[in-house]
Amino acid sequence: MTSTEFRKAAHELVDWMADYMDNVGDYPVKPNIKPGDIKIQLPTSAPEQGEGFQSIFSDFNNIILPGITHWQHPQFAAYFPSGTSGSSVLAEMLSSAIGAQCMIWLTSPSAEELEERMMEWLRDMLGLPKEFTGVIQDSSSSSTLVALLTAREALNNYSINKNGFEGRGKFRIYTSEQAHSSVDKGVKIAGFGIENLVKIAVDENFALKAEALEAAIKKDLEAGYIPLCVVSTIGTTSSTAVDPIRSIGKICKKYKCWHHIDASYSGAALLIPSMRWMSDGVELADSFVFNPHKWMLTNFDCSAYFVRDKKALTDTFSILPEYLKTPHDHLVNNYRDWSIPLGRRFRALKLWFVIRSYGVAGLRKIIEEHIGIGQWLKKEIEGEEDFEILAPVPVNLICFRYRPIGITDEDVLNNLNTTLLEGLNQTGKILLTQTKLDNKYTLRYVSGNSNTSLEEVKRSWDMITDFARKIKI
Ligand SMILES: *Cc1c(COP(=O)(O)O)cnc(C)c1O
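Computed from a prediction, not measured in an experiment: that's the story for all the values here.

**What about the overall build of the chain?**
Then, in step 1: A tally of helices and strands in the chain yields 13 helices and eleven strands.
Then, in step 2: Over its C-alpha trace the chain gives a radius of gyration of 24 Å, about what one expects of a compact globule, namely 23 Å for 473 residues.
Then, in step 3: Of all 473 residues assigned to the chain, the portion counted as buried reaches 52%.
Then, in step 4: When contacts within the chain are restricted to residue pairs at least 6 apart in sequence, long-range pairs at least 24 apart make up 73% of them.
Then, in step 5: About 22,100 Å² of surface is accessible on the chain, with carbon and sulfur atoms providing 53% of the total.

**Some details on empty space enclosed by the protein**
Then, in step 1: Counting across every chain of the model gives two cavities of 30 Å³ or more.
Then, in step 2: Looking at the lining of the largest cavity, the elements with two or more residues in it are α9 (292–295) and α11 (348–382).
Then, in step 3: Here the element with the most residues in the lining of the largest cavity is α11; it accounts for three residues.
Then, in step 4: Residue composition of the lining of the largest cavity, by class: five nonpolar, four polar and one charged.

**Considerations on the site of the ligand**
Then, in step 1: Every one of the 13 residues lining the ligand counts as a neighbour, but Ser-140, Ser-141, Asp-262, Asn-291 and Lys-294 are closest to it.
Then, in step 2: Contacts to the ligand include Thr-237, whose side-chain N or O atom sits 3.2 Å from an oxygen atom.
Then, in step 3: Within the side chain of Asn-291, a nitrogen or oxygen atom sits 3.0 Å from an oxygen atom of the ligand.
Then, in step 4: Considering the ligand on its own, with 380 Å² of exposed area, one finds that the protein chains cover 87% of that surface.
Then, in step 5: Mapping the ligand onto the cavity grids shows that it belongs to the second largest pocket.
Then, in step 6: Secondary structure elements with two or more residues in the shell around the ligand: α5 (140–155) and α9.
Then, in step 7: Among the residues making up the shell around the ligand, the classes are represented as one nonpolar, ten polar and two charged.

**A few points about the pairing of strand β2 (residues 171–176)**
Then, in step 1: In terms of burial, β2 is largely enclosed, as six of its six residues are buried.
Then, in step 2: The two faces of β2 match: Phe-171, Ile-173 and Thr-175 on one face and Arg-172, Tyr-174 and Ser-176 on the other face are all buried.
Then, in step 3: Across four bridges, β2 lies against strand β3 (residues 197–200) in parallel orientation. Counterpart to Tyr-174 in the pairing with β3 is Val-198.
Then, in step 4: One crossover worth recording links β2 to the parallel β3 by way of helix α6 (residues 181–190), and it is right-handed.

**Quick look at the domain arrangement of the chain**
Then, in step 1: Along its sequence, the chain is carved into domain 1 (1–30 + 69–85 + 359–473) and domain 2 (100–345).
Then, in step 2: Taken together, the 29 residues of domain 1 in the interface contact 28 residues of domain 2.
Then, in step 3: Between domain 1 and domain 2 the total buried area reaches about 2,400 Å² when both faces are included, carbon and sulfur atoms providing 68% of it.
Then, in step 4: Sorting the residues of domain 1 by area buried against domain 2 places Phe-80, Ile-367 and Pro-394 first, and these three jointly supply 25% of that buried surface.
Then, in step 5: Linking domain 1 with domain 2 are zero salt bridges, by the criterion used here.
Then, in step 6: Our count for the domain 1 to domain 2 interface comes out at ten residue pairs in polar contact (both at pLDDT 80 or more).
Then, in step 7: Listed by contribution, the elements that provide at least two residues to the side of domain 1 that touches domain 2 are α11, β9 (397–402), β10 (433–437) and β11 (440–446).

**Overview of a nonpolar patch on the surface**
Then, in step 1: Taken together, the side chains of Val-14, Leu-90 and Met-93 make up a nonpolar region of the molecular surface, amounting to roughly 240 Å² of accessible area.
Then, in step 2: Examined against the element boundaries, Met-93 turns out to sit in helix α3 (residues 86–98).

**What about the sheet that holds strand β4 (residues 226–233)?**
Then, in step 1: Taken together, seven strands build an open sheet; the order of strands is β1-β7-β6-β5-β4-β2-β3 and the sheet is mixed. In the strand order of this sheet, the two ends are held by β1 (133–137) and β3, each with one partner. Within this sheet the neighbouring strands show an average axis-to-axis angle of 20°, counted without direction.

**Thoughts on the environment of Lys-209**
Then, in step 1: Tracing the sequence through the fold places Lys-209 in the loop between β3 and α7 (210–222).
Then, in step 2: Since its relative accessible area comes to 32%, Lys-209 is described here as partly exposed.
Then, in step 3: Distance in space between the C-alpha atoms of Lys-209 and Asp-243 is 7.9 Å, their sequence separation being 34 residues.
Then, in step 4: Each residue touching Lys-209, except ones within four places of it in the same chain, is listed here: Ile-200, Ala-201, Val-202 and Asp-203.

**Focus: the side chain of Arg-172**
Then, in step 1: Along the chain, Arg-172 falls in strand β2.
Then, in step 2: Looking at Arg-172, its side chain comes within polar contact range of the main-chain oxygen of Glu-195, at 3.2 Å.

**Brief notes about the sheet that holds strand β8 (residues 387–389)**
Then, in step 1: Spatial strand order, β8-β9-β11-β10: four strands in an open sheet with antiparallel pairing. At either end of the open sheet lies a strand with only one pairing partner, and these are β8 and β10. Across the sheet, the mean angle separating the axes of adjacent strands is 40° when strand polarity is ignored.
Then, in step 2: In this sheet, β9 lies alongside β8 in antiparallel orientation, the contact comprising three bridges.

**Side note on the side chain of Ser-303**
Then, in step 1: Among the structural elements, Ser-303 can be located in strand β7 (residues 303–307).
Then, in step 2: A polar contact is formed between the side chain of Ser-303 and the backbone nitrogen of Ser-140, at a distance of 3.4 Å.
Then, in step 3: In terms of polar contacts, Ser-303 uses its side chain to reach the side chain of Ser-143, at 3.4 Å.
Then, in step 4: Excluding residues within four positions of it along the chain, Ser-303 makes contact with Val-135, Ile-136, Gln-137, Asp-138, Ser-139, Ser-140, Ser-143, Val-289, Phe-290, Asn-291, Pro-292 and His-293.

**What about unusual backbone geometry?**
Then, in step 1: Here the residue pair Phe-300 and Asp-301 is connected by a cis peptide bond, since its omega of 0° sits within 30 degrees of zero.
Then, in step 2: Looking at the secondary structure, you find Asp-301 in the loop between α9 and β7.
Then, in step 3: In this structure, Lys-256 takes a positive phi of about 55° despite not being glycine.
Then, in step 4: Mapped onto the elements, Lys-256 comes out in the loop between α8 (245–255) and β5 (258–262).

What counts as what
Residues numbered from 1 in each chain as written. Predicted model: local features only at pLDDT ≥ 70, side-chain atom pairs only at ≥ 80, totals over all residues. Heavy atoms only, no water. Helix = DSSP H or I, 4+ residues; strand = E, 2+ residues; numbered from the N terminus. Rg over C-alpha atoms; globule rule 2.2 N^0.38 Å. Buried < 20%, exposed > 50% of the residue type's maximum accessible area, 1.4 Å probe, protein only. Contact = heavy atoms within 4.5 Å. Areas by Shrake-Rupley, 256 points an atom, 1.4 Å probe, with all protein chains shown as cover. 1 Å grid on protein atoms, 1.4 Å probe; cavity = no way out; pocket = protein on both sides within 12 Å on 5 of 7 lines; lining within 4 Å. Points joined across faces, edges and corners; volume = space filled by probe spheres on them. Nonpolar A, V, L, I, M, F, W, Y, C, P; charged D, E, K, R; others polar. Near = heavy atom within 4 Å. Polar contact = N/O pair within 3.5 Å; in protein donor to acceptor, adjacent residues only side chain to side chain. Sits in = over half its atoms within 2 Å of the grid points. Pairing = 2+ DSSP bridges. Right-handed = clockwise from strand over helix to strand, strands pointing away. Domains from an automatic or database assignment. Buried area = accessible area lost by both parts, 1.4 Å probe. Salt bridge = Lys/Arg side-chain N within 4 Å of Asp/Glu carboxyl O. Patch = residues over 30% accessible without salt bridge, like charges linked within 9 Å, V, L, I, M, F, W, Y side chains within 5 Å. Axes fitted to C-alpha atoms, helices over the stretch in contact; angles between N-to-C directions.

Written out as structure tokens, the structure is:
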């Protein structure tokens, strides 16, 4: 593609993107298609000859777009949101155009130094301890794996285990029954053995019970295990439950365990000082992750990982082959030594664009609004006799179900709510997802989408109540 062709096509695409941002609410939130419907429209082999932009773009519109789930649709209330914004998209465009590989300082000094500064900004924006140093990872899952690997290395005095870890099976990792599956995945990948992941019971608010954690650690110590790491959560995926961070931190100090905090989604709410009750005790933690790519208007992927002992982290991941040595290695952060991949995208640029264009106050205001909208919906649900809230709502995820008066059979209620969720999603006008809380089929509504508003949530609530009350029981 020549630069002339690029210029013309890019202008056309920018117009398309701006229109998409304006009109995303006009698409079905979720496409009404079957598995294989898209693939069958794609040629079975790659084209031998190059094709023009118009032909590719027209297939994008005709084949690809109809198979897209529109995460930025204002009625997308499923999972956790995948944030975006004009500023973030612009930065991604620039970073693609530059095409830089940011594995070490020398391969892109600005990327490295901007990342250092952005992580300091974020750390301070969230009220995290000054001693924390940050690095951008691709996802929370990777960040949690990195924390587990670092915990093991740190406990064993860094890099002395060149022949592998003796008695590897003896390590124990602790997390709550409500923790994200990325903890299980990290434990599997790290080779601890899934049997050594101890799931601690939760209280009536779905938060980890600190006494149960301590009891489990004591029992394991008596049995000869080595308690290695506790992964706590600020904002679980099912219900945004908040584990008791300070009590867990104290237990970790007492038993010399690594304390990793997974604040993937709710971490963004720490921008608001009055929400920092959730992170009370964070100064006792060893590492912390949150995803600006969820609730902070920054395109996927961008996961902010913070660690107290930077040396433990780099001792775990550093490599220095001859072809990567540079004269400045002792002066700079070579981020290849801070995570699993060698190659790295220029992700700090979008954070810089987003934080500067909204300002901290602007971001805080948006998140406050999203929380306010969530609290509005919670009150609304509480006000209806035939609906019930199934978990506390610390931020803006509402867990609820339909429970018509007089119906108490749990199986009937589970089936009814499955019908409600599937029926609503089938309309293409709204998208919710489900979870199970105390064995109850639970609908989740998240008001953290970059395009949400009180008006949209009111519309959602009308659709939900209308649909529910028309179901024949
Ligand atoms: C979303 C989420 C994750 C996984 O995040 P990825 O960045 O997709 O790996 C982990 N933990 C919690 C609590 C989450 O909400």
